[in-house]
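Take a look at the letters that make up each chain.
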Amino acid sequence: MVARSSGTVIGAILLVHCAGDAIAFSGLSSFTRSTGVGNPYAKQHVTTSAVATNNQFASNGQTWTMYGDEEGKDKFNAWSVLSTTEKWISATLSSMNKAAAAATGKSDDPYKRKEVSYACETYNDTPMIAAGIFRRIKELRQVGEEHGRDQHEDMKALTDRQREEYNPPTLRQTQVVVIPGSKVMTDRFDLFDALVQRINNARRNARDYVTDVMLDKRDADNAELDWSISVSCAHMHPKFGEKSPEQILAEMKKEEEDGEVDLNYKAYQERKMKARQSPYPTIALEMRAMPSMDFGNARPESSATQQQQQSAPNDPDDSVTSDDVQKLEALFGKSAAVEGADSKKSALHAALSETLEEVSSQTPMERAQNWVSQNDPALQSTTFLPNNVVASFTETSDPHVDAAYEFVFINLAMVLASESSKEAADASKIRQYLVMPKFLSSAATSMEKFKMEVEAIWQGWPDLEGKDVSLEVFHPEHIDADKRAPVPIFVIQLAKKY
């Protein structure tokens, strides 16, 4: 939980357990910069919850609080990290503001128009860092959606005249997320840059997915769904702009071919890169929630549609008779209330009744587990003994793409951590089944594209070097009949190498 109040610092520390062992440590902390109100650090109230040991340290009952520098403890201090980053951003913007004032005679502080919050992600493994980025994106999207719902409720209380004159306000928020816990991310700009660029590319490609959210919006006629919510993601790094030897050589060849070098443009590029060289790997998230052009107004039918409806003749095939109504009642089982137990039922009626009973009596998780146990070749293979495959199931009911990415990478981290557990000591494979009944449930092609984006994001991660990790998709509409599961299932498999 993060509380945003001027001059207040609140943090929470969480521990994730798997098979009785601590596998991941998360320290969440944030504060909001107070601009134009004196020193934001003058009065600080610090609150922490129960703390836990990192998987790098032995679980000896001692606690680690991210404050002190006790012997044998990590020197990393989340609060000083946030303070250092905030001061660096303030100094950078101040210098740019002074330069702009000297050139144009005008001075403007962008902080005056924005609410800026700071958060620290202390994970040191790349899957959890990726999951944390998607979680922050999800949370900002939810803030924008809540703002849209509030404005929709406010409009309900207005009269028609007031509604015509009402201009819903646009909400903007900025969140700076510092990621100092991973040494490899701090040392390698190319890795951090590739992670953020691939995440942004995956988010752009997600616009083409046929999501359940999109289908619900298409079917619903609700003004609160008309809000436009966008979250942009940029990044900063201590070595931002650092180029590989190949890139430097390519630039030198280009300059040689051009025959001249624009020194002013080169100096501008250097200043631009320096402005993004933060003390730690950092991402900046900008959320904007604004109403659409026709917010609160009913969508009128086009004139062509109205003329077509007026001119269309009555089709005799569209008429409904009482006989049709009786057939529908029998189809949906309403006739069972008056018929005896020994009455004859049609084969179609019996089949539908049996299917409806089965769906209503089983949860998506139970249906997925039953189907996997009977149809997944990995569990039916005769090459390995059944106990040589460790299978586990997790479920999410969130239909949004950002939440799905977060869910996948959290489970990937769990799979990698469980490799050394006692349960997986003798296993040849670890299979994690992610049951996602409300995510892309009507689009198997979109599910396959989602799988490809996950593989693209984790490409080059040091956490996966030397590991045989693969993905698989089961879907009700899969082109392969053998992979048609009753609900969408996303599978992460780690095969051990001997």
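Up top you'll find the structure we're talking about.
The rules behind these values
- Residues numbered from 1 in each chain as written.
- Predicted model: local features only at pLDDT ≥ 70, side-chain atom pairs only at ≥ 80, totals over all residues.
- Heavy atoms only, no water.
- Phe/Tyr/Trp six-rings, centres within 6.5 Å; stacked < 30°, edge-to-face > 60°.
- Helix = DSSP H or I, 4+ residues; strand = E, 2+ residues; numbered from the N terminus.
- Buried < 20%, exposed > 50% of the residue type's maximum accessible area, 1.4 Å probe, protein only.
- Axes fitted to C-alpha atoms, helices over the stretch in contact; angles between N-to-C directions.
- Parallel < 35°, antiparallel > 145°, perpendicular 65-115°, else oblique.
- Left-handed = near helix turned anticlockwise from the far one by under 90°.
- Contact = heavy atoms within 4.5 Å.
- Nonpolar A, V, L, I, M, F, W, Y, C, P; charged D, E, K, R; others polar.

(A) Representation of the packing of aromatic side chains. Under the defined criterion, the tally for this structure stands at 10 aromatic pairs. Considering the side-chain rings of Phe-393 and Tyr-433, the 4.7 Å spacing of their centres and the 15 degrees angle between planes classify their relative orientation as stacked. Taken as a pair, Phe-393 in strand β8 (residues 389-395) and Tyr-433 in strand β9 (residues 429-435) lie far apart in primary sequence, 40 residues in all. Using a relative accessible area of 24% as the deciding quantity, one classes Phe-393 as partly exposed.

(B) Just the packing of helix α2 (residues 126-156) against helix α14 (residues 401-418), in detail. Contact geometry for α2 and α14: axes closest at 8 Å, N-to-C directions at 155 degrees. Classified by the interaxial angle, the pair formed by α2 and α14 is roughly antiparallel. Here the hand of the crossing between α2 and α14 comes out left-handed. Along its contact with α2, which presents Pro-127, Met-128, Ala-130, Ala-131, Phe-134, Arg-135, Ile-137, Lys-138 and Arg-141, the element α14 presents Asp-402, Ala-403, Tyr-405, Glu-406, Phe-409, Ile-410, Leu-412, Ala-413 and Leu-416. Class assignment for the residues of the contact of α2 with α14 results in 13 nonpolar, no polar and five charged.

(C) Inspection of unusual backbone geometry at higher detail. One non-glycine residue, Leu-440, lies in the positive phi region at around 50 degrees. Mapping Leu-440 onto the fold places it in the loop between β9 and α15 (444-457). A relative accessible area of 0% places Leu-440 in the buried class.

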